[in-house]
Amino acid sequence: MPKIKMKTKSGAAKRFRITAGGVKFKHAYKSHILTKMTTKRKRQLRGASLLHPSDVASVKRSLRLR
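As the structure is a prediction and not an experimental result, all values here were calculated from the model.

Engineer: Help me understand the overall build of the protein in this model?
Structural biologist: The number of helices and strands found in the protein is three helices and three strands. If you list the helices and strands of the protein from N to C, you get α-β-β-α-β-α. The C-alpha atoms of the protein give 16 Å as radius of gyration, which overshoots the globular expectation for 66 residues (11 Å, by more than 25%). By its C-alpha atoms, the protein is 55 × 25 × 15 Å across when sized along the principal axes. Every one of the 66 residues in the protein was classed for burial, and the buried ones make up 14%. A separation threshold of at least 6 residues defines the contact pool for the protein, and within that pool the share at least 24 residues apart is 56%. Surface summary for the protein: the accessible area is close to 6,000 Å², and the carbon and sulfur share equals 56%.

Engineer: Can you walk me through the pairing of strand β2 (residues 23-26) in this structure?
Structural biologist: Consecutive side chains of a regular strand alternate in pointing toward one face of the sheet and then the other. In the sheet, strand β1 (residues 16-18) pairs with β2 via three bridges, with the strands oriented antiparallel. When the bridges of β2 are listed, R17 appears paired with K24. Relative to strand β3 (residues 48-50), β2 runs antiparallel, the two being bridged by three bridges. Bridge pairing in β3 links K24 to L50.

Engineer: Explain the nonpolar core to me, please; I cannot follow it from the model alone.
Structural biologist: Buried together is how nonpolar side chains tend to be arranged in soluble globular proteins. Grouped together as the largest cluster of nonpolar side chains are seven residues: A12, F16, V23, L51, V56, V59 and L63. Beyond its immediate stretch of four places on either side in the chain, L63 contacts T8, A12, A13, F16 and I18.

Engineer: Can you walk me through the sheet that holds β1 in this structure?
Structural biologist: Strand pairing in a sheet is mediated by backbone hydrogen bonds. Such pairs are either parallel or antiparallel. Judged by pairing direction, the sheet is antiparallel, and its three strands sit side by side in the order β1-β2-β3 without closing on themselves. Bordering the open sheet on either side are β1 and β3, each of which pairs with just one other strand. Direction aside, the axes of adjacent strands within the sheet are offset by 30° on average.

Engineer: Just checking my understanding: could you explain unusual backbone geometry for this structure?
Structural biologist: Note: most residues except glycine have negative phi, and most peptide bonds are trans. Phi angles above zero are rare outside glycine, and I33 is one such case at about 55°. The phi angle at R64 is positive, at roughly 60°, despite the residue not being glycine. Looking at the secondary structure, you find R64 in the segment after α3 (56-62). We classify R64 as partly exposed; its relative accessible area is 34%.

Calculation rules
- Residues numbered from 1 in each chain as written.
- Predicted model: local features only at pLDDT ≥ 70, side-chain atom pairs only at ≥ 80, totals over all residues.
- Heavy atoms only, no water.
- Helix = DSSP H or I, 4+ residues; strand = E, 2+ residues; numbered from the N terminus.
- Rg over C-alpha atoms; globule rule 2.2 N^0.38 Å.
- Buried < 20%, exposed > 50% of the residue type's maximum accessible area, 1.4 Å probe, protein only.
- Contact = heavy atoms within 4.5 Å.
- Areas by Shrake-Rupley, 256 points an atom, 1.4 Å probe, with all protein chains shown as cover.
- Pairing = 2+ DSSP bridges.
- Core = buried A, V, L, I, M, F, W, Y, C linked by side-chain atoms within 4.5 Å.
- Axes fitted to C-alpha atoms, helices over the stretch in contact; angles between N-to-C directions.

The quantities given are spatial measurements derived from coordinates; they are silent on function.
In structure tokens:
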């Protein structure tokens, strides 16, 4: 009888990617209702960033890597 496997949290799987440099994520507040947001704010939210090292452990636990 095989052991029961730990399931990945599906919400975390959609939001985070593990890379060699850390955990990558997309910025929030960049999906809709962008007309009231300033151009500077939209530009700063562009692209992906690396998660702060203090938050990496909790994300890896959600992804069942630890």
